[in-house]
Amino acid sequence: MSNELSAGKISRNPKYAELVRKRSGFAWALSALVLLIYYGFIVIIAFAPKFLGTPLSEGGVTTIGLPIGVGVILSAIALTGIYVYRANGEFDRLTKELIEGSK
Amino acid sequence: MRQFSVSGTIIGGAALALLPTFAMAAGDLGQAQQQATNWHAIIMFIAFVGLTLGITYWAAKHTRTASDFYAAGGGITGLQNGLAIAGDYMSAASFLGISALVYGSGFDGLIYSVGWLVGWPIILFLIAERLRNLGKYTFADVASYRLQQTPVRTFAATGSLVVVIFYLIGQMVGAGQLIKLLFGLDYVYAVIIVGCLMIIYVTFGGMKATTWVQIIKACLLLAGATFIALAVLVKFNFSFEALFAKAVEVHPKHLAIMSPGTLVANPIEAISLAMALMFGTAGLPHILMRFFTVPDAKAARKSVFFATSFIGYFYILTFIIGFGAIVLVGGHPEYLDATGKALRGGANMAAIHLAHAVGGDLFLGFISAVAFATILAVVSGLTLAGASAISHDLYANVFYRGRTNEQHEVMVSKVASIGLGVIAVILGIIFEKQNVAYMVGLTFAIAASTNFPVLVMSMFWGGLTTRGAVIGGFIGLAAAVILTVLGPTVWVDVLKYPEAVFPLKYPAIFSMPLAFIATWFFSVIDNSEQAKREQAAFEAQLIRSETGLGAEGAVAH
């Protein structure tokens, strides 16, 4: 089986368009979210550093900046987890059906 | 003395020093005094070397084909690869450097940790599976997939080698200084030991040995850092508020350590640095190469998830370690120099002294051995990536146009590894007394402005042509190098001119968009027949990158 041949069949298969649309949309949306979170964090540091120094509780020393910073790290882990979960499940299933169906 | 102060370097304006490699330690340990021979550390390090040489022997017996050598036969699992990637990323400098930064300025350390981490989700969402589906051994396979092999591979190999060499210099100089400090070994011997061991790992064991050395080191580093962080938290009954309160009380800056300080004073600089960190990671050849060691796109995705989790966890640990050092090391005369203000051995020693404070001599030896192992593992990965660029891209595909056999290619790769090892040792000795802190920033800026734009355009933009990729890529490379040289880190700090020609320390905010625009422009004005064929071939490439159809599979064993 030549790749060229099945490549042509795949590109005409409606499942291919569905896969690409779903996965690209999801990947770009998550990328935008990561960029928003990260550059949002940097912009706050650059322009409103005082906000991050707000204490969490009256008289305490822990500031709001700490949970926010750790939150950015955890959000990066969580978003990669979400993507892998959906890609290794739904998207891979779609890919498999697509390749089977184009043979 | 600049050499002995991380915070001095940073407040002096060079946050650069905190990039995730060894250059920072290199710059800051520039005149490290040789310490008394540390036998605990040496014995544990010998145990590590013995174990890894055993693994190399095993790997050598199972390394026969080019696929074994470059990509460990595609037989690495997602979890293993995730650990290996995390190992490549968690250098001794990020361990010692970030904890030292937290020790010196508190909250600011977190800003850097975040910057190094957020590149990973982007790599996962946009690059990892396409890379796995299109490539075989090097990222040049992907960049040249539908373009002319000779010019594009020459460009990609140049980009890879430049990144690898600059990165290696920083690592070697840092290794020599750190080992002198921790083990009491002479600088030159330390550099030669690192060079010899990495040559052995890479030439005999290829990617299999390199990956396992990286995995073992990652586990040791994570275990060691976890132990230190737990030991600190136990002393405060796991109350972060109590730990922070004590730190604020004893730290000379008091409450200021709980909020952003002077590190990110200039927003344009901050964004430029953030761009280099985020996108440079996706252009590092030794990182990209790891995606070819797993059997399929599914495992490639998993490996990024594991890597991100381990790296994120590690950065949170270094934050706790930095605060632990403020409380348990700062103000304790046994860890301070004669003035009673600076840490003995330099600010980078915060985590090392803390290891002693919570675990005594034996644990200090363990952490020192892990720091040495970390350097070894990172330089091995770099050497393998550089050797692959020489053998797979230049030798096999440029000079012999694919008309050579696997045995020759692997042999050339081994010779190239030895050559790179020798060059690394020589450069390490030449640069011993130099401040090489700028090299890390340069490495990331080059990776973000050279390899990354061409890789992304080749994957996502059908209009890309050979001419566009090569001219645009070289413009990005030239811009990153020239702007770094004209910027404050080289023009003022190294060449000692009074004023920088280019005002920013991190050029990525200019050099990276410039590379994208130049690549686009020279592709659009390319009306050759060749260009039309290349553009027409995009659809087939896209289908393979989206579905994995025809992708390099795992090699049966």
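**Q** Could you clarify how one ought to interpret the overall build of chain B in this entry?
**A** Across its full length, chain B holds 23 helices and 0 strands. Relative to the 2.2 N^0.38 estimate, which gives 24 Å for 557 residues, the radius of gyration of chain B is 23 Å and therefore close to what a compact globule would have. By principal-axis analysis of the C-alpha atoms, chain B measures approximately 75 × 50 × 45 Å. Each of the 557 residues in chain B was classed as buried or not, and the buried ones make up 66%. Relative to all contacts within chain B whose residues are 6 or more apart in sequence, the contacts with residues 24 or more apart total 84%.

**Q** Hey, could you run me through empty space enclosed by the protein in this one?
**A** The gaps of empty space that remain are located by a probe, the size of a water molecule, rolled over the atoms. Applying the stated criterion across every chain, the model contains 4 cavities of 30 Å³ or more. Approximately 80 Å³ is the volume attributed to the largest cavity. Broken down by secondary-structure element, the contributors of at least two residues to the lining of the largest cavity are α9 (139-143), α10 (149-183), α14 (285-288) and α16 (350-399) of chain B. Sort the elements by how many residues they give to the lining of the largest cavity and α16(B) lands first, with 4 residues. Of the residues that constitute the lining of the largest cavity, the class distribution is 9 nonpolar, 3 polar and 1 charged. Here the second largest cavity is characterised by a volume of approximately 40 Å³. Contributing to the lining of the second largest cavity are A:R23, A:S24, A:A27, A:Y83, B:F125, B:E129, B:R130, B:S545 and B:E546. Broken down by secondary-structure element, the contributors of at least two residues to the lining of the second largest cavity are α2 (14-47) of chain A together with α8 (119-134) and α23 (538-547) of chain B. For the lining of the second largest cavity, the class distribution of residues is 3 nonpolar, 2 polar and 4 charged.

**Q** Looking at this structure, how should I read the interface of chain A and chain B?
**A** As a measure of interface size, the accessible area lost when the parts come together is often cited. Contacts between the two partners involve 50 residues from chain A and, on the opposite side, 49 residues from chain B. Carbon and sulfur atoms make up 76% of the surface buried where chain A meets chain B, a total of about 4,400 Å² over both sides. Three residues, A:Y38, A:V61 and A:I73, lead the burial of chain A against chain B; their summed loss comes to 14% of the area buried on that side. Our enumeration of links across chain A and chain B arrives at 4 salt bridges. We note a salt bridge from B:K298 to A:D92, for which the minimum N-O separation is 3.2 Å. At the surface where chain A touches chain B, the tally comes to 10 residue pairs in polar contact (both at pLDDT 80 or more). Elements with a contribution of two residues or more to the side of chain A that touches chain B: α1 (3-12), α2, α3 (49-52) and α4 (65-101) of chain A.

**Q** I'm lost on the pattern of salt bridges in this one. Help?
**A** Pairing between side chains of opposite charge can happen when the charged atoms of each approach one another. Per the stated rule, a full pass over the model turns up 16 salt bridges over all chains. We note a salt bridge from B:E129 to A:R23, for which the minimum N-O separation is 3.0 Å. With one member in each of two chains, B:E129 in helix α8 and A:R23 in helix α2 form a pair that bridges those chains. A relative accessible area of 3% means that B:E129 is categorised as buried. For A:R86, the salt bridge goes to A:E90, with nearest N and O atoms at 2.8 Å. Placement of the pair is A:R86 and A:E90 together in helix α4, with a separation of 4 residues, close to one helical turn. One connected set of salt bridges, linked through shared partners, spans A:R23, A:D92, B:E129, B:R130, B:K298, B:R301 and B:E546.

**Q** Even after reading the chapter, I still don't get the environment of B:I316, so can you show me in this structure?
**A** Residues and elements named next belong to chain B. Along the polypeptide, I316 turns up in helix α15 (residues 297-328). Assessed through its relative accessible area of 22%, I316 is described here as partly exposed. C-alpha of I316 to C-alpha of N405: the two residues are 89 residues apart in sequence and 47 Å apart in space.

**Q** Any chance you could explain the environment of B:T404 here in plain terms?
**A** Residue and element names in this part refer to chain B. One can find T404 in the loop between α16 and α17 (406-430). Counting along the chain gives 28 residues from T404 to L376, while the straight-line C-alpha distance between them is 32 Å. Once residues lying within four places of it in the same chain are set aside, the contact partners of T404 are Y395 and A396.

**Q** Would you mind going over the packing of aromatic side chains with me for this structure?
**A** The geometry of an aromatic ring pair comes down to the distance between the two centres and the angle between the two planes. Per the counting criterion, the structure on display carries 30 aromatic pairs over all chains. Judged by centre distance (5.3 Å) and plane angle (85°), the rings of B:Y89 and B:W120 are edge-to-face. With B:Y89 in helix α5 (residues 78-89) and B:W120 in helix α8, the pair connects residues that are 31 residues apart, well separated along the chain. Overall, the relative accessible area of 2% leaves B:Y89 in the buried class. Judged by centre distance (6.0 Å) and plane angle (45°), the ring pair of B:F314 and B:Y315 falls under tilted. Of the two residues examined, B:F314 and B:Y315, each falls in the buried class. Taking NZ or CZ as reference, A:R86 lies 4.5 Å from the ring centre of A:F26, over its face.

Procedures and definitions
- Residues numbered from 1 in each chain as written.
- Chains lettered and ligands numbered in written order.
- Predicted model: local features only at pLDDT ≥ 70, side-chain atom pairs only at ≥ 80, totals over all residues.
- Heavy atoms only, no water.
- Helix = DSSP H or I, 4+ residues; strand = E, 2+ residues; numbered from the N terminus.
- Rg over C-alpha atoms; globule rule 2.2 N^0.38 Å.
- Buried < 20%, exposed > 50% of the residue type's maximum accessible area, 1.4 Å probe, protein only.
- Contact = heavy atoms within 4.5 Å.
- 1 Å grid on protein atoms, 1.4 Å probe; cavity = no way out; pocket = protein on both sides within 12 Å on 5 of 7 lines; lining within 4 Å.
- Points joined across faces, edges and corners; volume = space filled by probe spheres on them.
- Nonpolar A, V, L, I, M, F, W, Y, C, P; charged D, E, K, R; others polar.
- Buried area = accessible area lost by both parts, 1.4 Å probe.
- Salt bridge = Lys/Arg side-chain N within 4 Å of Asp/Glu carboxyl O.
- Polar contact = N/O pair within 3.5 Å; in protein donor to acceptor, adjacent residues only side chain to side chain.
- Phe/Tyr/Trp six-rings, centres within 6.5 Å; stacked < 30°, edge-to-face > 60°.
- Lys NZ or Arg CZ within 6 Å of the ring centre and 35° of its normal.

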